[in-house]
Amino acid sequence: MTPDSAVDDRRWPLVVIADDLSGAAECAAVLPGRARILLGPAVPVSPGETPVIDLDSRRLTASGAARLVARTVRRHAVAGTRLLKKADSLLRGRFAAETSAFAAGAGGLVLALAVPAAGRTVRDGVVRLHGVPLHRTDAWRGEPGQAPRSVTEALGGADATVLTLDRVRAGTTRLERCMRAALVGGAAVVCDAETDADLDAVAAAVNRLPHGVRAVGAGGLAAALGRLGGPAAPRADPARAPGGPRPVVVVVGTAHPGAVAQIAQLTRHGARHIELPAASLLAPVGGGRSAALASAAPGRAPVTVVSIAGTPAADPSDAPRLARALARTVAGTLPEDADLVLTGGETARRVLDELAVTALLPIGQVHHGAVHCRTADGRGVVTRPGGFGGPDSLLRMVGALHTEQDRAPRAPHASDGGTR
């Protein structure tokens with residue numbers, strides 16, 4: 001790998017490849033211009049847009065995920081385009097396999113995985129959550145195996161050079177030179193970062209490298225690359241279907257403990273809460289499944305929250321089946337005009353697949369990680385990673401949809417028929 005030595009400050013067109021929907025939305029929301037979230041690599045790209053492709057590969061085998069990444073890279077690695085692989089900031093999923101496949105044929109690889117706004121930083125090549133090394137937290141409680149002790153370890157032994165904070169903060173030109181020196185030696189470059197300014201420095205240096213050098217990062221790096229492009233332009237917005245107030249259905253598929261408090265905020269303001277037993281969702285069609293379907297019908301309640309009872313105690317290996325069953329149950333009873341709040345990338349993708357949605361247009365962020373989108377037929381959708389947001393997160397996400405419906409911003413009222 002021998003990058004050119006000339007300084008180049010051009011803004012390369014970007015293609016983003018993500019492994020789950022909430023991560024794809026997180027990236028699309030912070031990119032300027034015509035970003036669009038594509039639910040699969042086969043969805044056509046329109047001229048002039050920045051595609052953010054959700055491969056939905058988090059639950060695939062390592063080899064299956066690698067093959068999907070490789071096919072997508074071959075399709076989009078065209079001259080003059082920079083490729084960004086959106087990776088989980090806590091190194092979950094098929095990180096090593098997907099990164100290796102993404103690097104094949106590249107002119108080099110630069111990794112920057114920090115998301116300072118979410119308390120996720122990298123120091124000395126070690127991912128830290130609110131200052132605590134990842135392997136000493138419980139962030140991997142739902143994952144198989146142990147959390148890696150460093151980004152280099154997560155890469156599975158690939159040759160890597162860590163650029164520590166002193167080098168990241170030494171100025172764009174010196175940082176670029178450090179990157180080039182490491183890339184000439186064939187090593188992947190792992191960049192420390194604790195602030196958005198650090199990520200801005202990494203993005204500026206990466207942008208001076210040839211387009212064949214590829215980047216791997218989380219939403220923080222995507223935002224930094226987006227800031228290089230200047231202020232975001234107004235986004236095109238599909239027309240809403242005419243009509244009165246639309247019901248909002250909130251689907252909580254995350255096992256994160258914070259979800260309990262977030263649901264409680266909504267129910268205190270009058271939202272109807274439907275808890276579906278995991279055993280009923282996993283039951284064969286008929287019997288328990290039929291009862292779950294009957295109880296899940298949101299009807300015309302202004303705000304309905306659907307969650308899985310006892311999710312934190314469920315067997316993590318059941319998570320994919322539960323997500324599919326929850327999605328089928330919700331989609332089978334959803335009013336045609338309902339807007340959606342979807343938490344957890346896998347749950348969000350399964351629901352949208354059931355509704356035959358193939359693309360989303362990002363409108364903006366409700367808060368960090370919570371992205372307001374629109375489908376082609378005008379349905380409002382807000383997505384969010386499972387572990388993001390404070391106790392009022394769901395309340396704010398519902399409020400964004402209510403505001404969009406040309407009503408005064410409000411929380412759901414007690415008169416909306418909310419009994420838990």
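## Side note on the overall build of the protein chain
Phase 1: Per the secondary structure count, the protein chain includes 14 helices and 18 strands.
Phase 2: Relative to its 420 residues, the protein chain shows a buried fraction of 55%.
Phase 3: Partitioning the intrachain contacts of the protein chain with sequence separation of at least 6 by distance along the chain shows that 74% fall at a separation of at least 24.
Phase 4: Accessible surface, the protein chain: about 16500 Å² in total, of which carbon and sulfur atoms supply 54%.

## Some words on the sheet that holds strand β7 (residues 126-129)
Phase 1: If you trace the 3 strands from one edge of the open sheet to the other, you get β6-β7-β8, paired in antiparallel fashion. Both outer strands of the open sheet, β6 (120-123) and β8 (132-133), are each paired with one neighbouring strand and no more.
Phase 2: The pairing of β6 with β7 spans 4 bridges and is antiparallel. Within the sheet, the bridge partner assigned to R120 lies in β7 and is L129.

## Quick word on empty space enclosed by the protein
Phase 1: Taken as a whole, this structure holds 1 cavity of 30 Å³ or more when the rule is applied.
Phase 2: Of the pockets and cavities examined, the largest cavity occupies roughly 30 Å³.
Phase 3: What lines the largest cavity is simply D19, K85, A87, D88, R92, R94, F95, E98 and T99.
Phase 4: The element contributing the most residues to the lining of the largest cavity is helix α3 (residues 95-103), with 3 residues.
Phase 5: Grouping the amino acids of the lining of the largest cavity by side-chain chemistry returns 2 nonpolar, 1 polar and 6 charged.

## Thoughts on helix α1 (residues 21-29)
Phase 1: Burial runs high along α1: 9 of the 9 residues are buried.
Phase 2: The set of residues buried in α1 consists of L21, S22, G23, A24, A25, E26, C27, A28 and A29.

## Points about the packing of aromatic side chains
Two descriptors summarise a pair of aromatic rings, namely the distance from one centre to the other and the angle between the planes of the rings.
Phase 1: Evaluated as defined, the whole model comprises 0 aromatic pairs.
Phase 2: Between the NZ or CZ atom of R214 and the centre of the ring of F102, over which it lies, the distance is 5.9 Å.

## Observations concerning the confidence of the model for the protein chain
Phase 1: In this model, the protein chain carries a mean pLDDT of 86, and residues with pLDDT of at least 70 account for 84%.
Phase 2: Predicted confidence for residues 1-7 stays below pLDDT 50, and this span has 22 contacts to residues more than four positions away or in other chains.
Phase 3: Low pLDDT (under 50) marks residues 407-420, which in the prediction has 31 contacts with non-local residues, meaning those over four places away or in another chain.

## Remarks on unusual backbone geometry
Phase 1: Even without glycine at this site, L91 takes up a positive phi of about 65 degrees.
Phase 2: Structurally, the position occupied by L91 is in the loop between β4 (82-86) and α3.
Phase 3: Here L91 falls in the buried class, since its relative accessible area comes to 3%.
Phase 4: For D124, which is not glycine, the phi torsion reads 55 degrees and is therefore positive.
Phase 5: By the element assignment, D124 lies in the loop between β6 and β7.
Phase 6: Judged by relative accessible area, D124 falls into the partly exposed class, the value being 48%.

## Points about the nonpolar core
Phase 1: Core analysis: the biggest nonpolar cluster contains 100 residues, and M179 and V202 have the highest contact counts within it.
Phase 2: Grouped together as the second largest cluster of nonpolar side chains are 19 residues, V248, V252, V398 and A400 included.

## Re the pattern of salt bridges
Phase 1: Considering all chains together, one arrives at 20 salt bridges under this definition.
Phase 2: Residues E49 and R36 are paired through a salt bridge, measuring 2.8 Å at the closest nitrogen-oxygen approach. In this pair, E49 is assigned in the loop between β2 (35-38) and β3 (50-54) and R36 in strand β2, connecting sequence segments 13 residues apart.
Phase 3: For R141, the salt bridge is made with D138, and the minimal N-O distance between the two is 3.6 Å.
Phase 4: Accessibility expressed as a relative area gives 45% for R141, which makes it partly exposed.
Phase 5: Judged by relative accessible area, which is 53%, D138 ranks as exposed.
Phase 6: Within the structure, one salt-bridge network assembled from shared partners comprises D54, D56, R59, E346, R349, R350 and D353.

## Remarks on the packing of helix α7 (residues 196-207) against helix α8 (residues 219-228)
Phase 1: Contact geometry for α7 and α8: axes closest at 8 Å, N-to-C directions at 65 degrees. As for the relative orientation of α7 and α8, their crossing is right-handed in sense. In this structure, α7 contributes D196, L199, D200, V202, A203, A204 and N207 to the contact, and α8 contributes G220, L221, A224, L225, R227 and L228.
Phase 2: For the contact of α7 with α8, a count of residues per class yields 8 nonpolar, 2 polar and 3 charged.

## Details of the side chain of H273
Phase 1: The residue H273 is located in strand β13 (residues 272-277) in this model.
Phase 2: Overall, the relative accessible area of 7% leaves H273 in the buried class.
Phase 3: A distance of 2.9 Å separates a polar atom in the side chain of H273 from a polar atom in the side chain of S307.

## Some words on the pairing of strand β16 (residues 359-367)
Phase 1: As paired elements, β2 and β16 share 2 bridges and run antiparallel to each other. The residue of β16 that forms the bridge with I37 is L360.
Phase 2: Judged from the 5 bridges that link them, β16 and strand β17 (residues 370-374) form a sheet pairing that is antiparallel. Paired with Q365 across the bridge in β17 is V371.
Phase 3: A loop of 2 residues connects β16 with β17, the two strands running antiparallel in sequence, and G369 in this loop sits at a positive phi of about 90 degrees.

Definitions and cut-offs
- Residues numbered from 1 in each chain as written.
- Predicted model: local features only at pLDDT ≥ 70, side-chain atom pairs only at ≥ 80, totals over all residues.
- Heavy atoms only, no water.
- Helix = DSSP H or I, 4+ residues; strand = E, 2+ residues; numbered from the N terminus.
- Buried < 20%, exposed > 50% of the residue type's maximum accessible area, 1.4 Å probe, protein only.
- Contact = heavy atoms within 4.5 Å.
- Areas by Shrake-Rupley, 256 points an atom, 1.4 Å probe, with all protein chains shown as cover.
- Pairing = 2+ DSSP bridges.
- 1 Å grid on protein atoms, 1.4 Å probe; cavity = no way out; pocket = protein on both sides within 12 Å on 5 of 7 lines; lining within 4 Å.
- Points joined across faces, edges and corners; volume = space filled by probe spheres on them.
- Nonpolar A, V, L, I, M, F, W, Y, C, P; charged D, E, K, R; others polar.
- Phe/Tyr/Trp six-rings, centres within 6.5 Å; stacked < 30°, edge-to-face > 60°.
- Lys NZ or Arg CZ within 6 Å of the ring centre and 35° of its normal.
- pLDDT = per-residue confidence, 0-100.
- Core = buried A, V, L, I, M, F, W, Y, C linked by side-chain atoms within 4.5 Å.
- Salt bridge = Lys/Arg side-chain N within 4 Å of Asp/Glu carboxyl O.
- Axes fitted to C-alpha atoms, helices over the stretch in contact; angles between N-to-C directions.
- Left-handed = near helix turned anticlockwise from the far one by under 90°.
- Polar contact = N/O pair within 3.5 Å; in protein donor to acceptor, adjacent residues only side chain to side chain.

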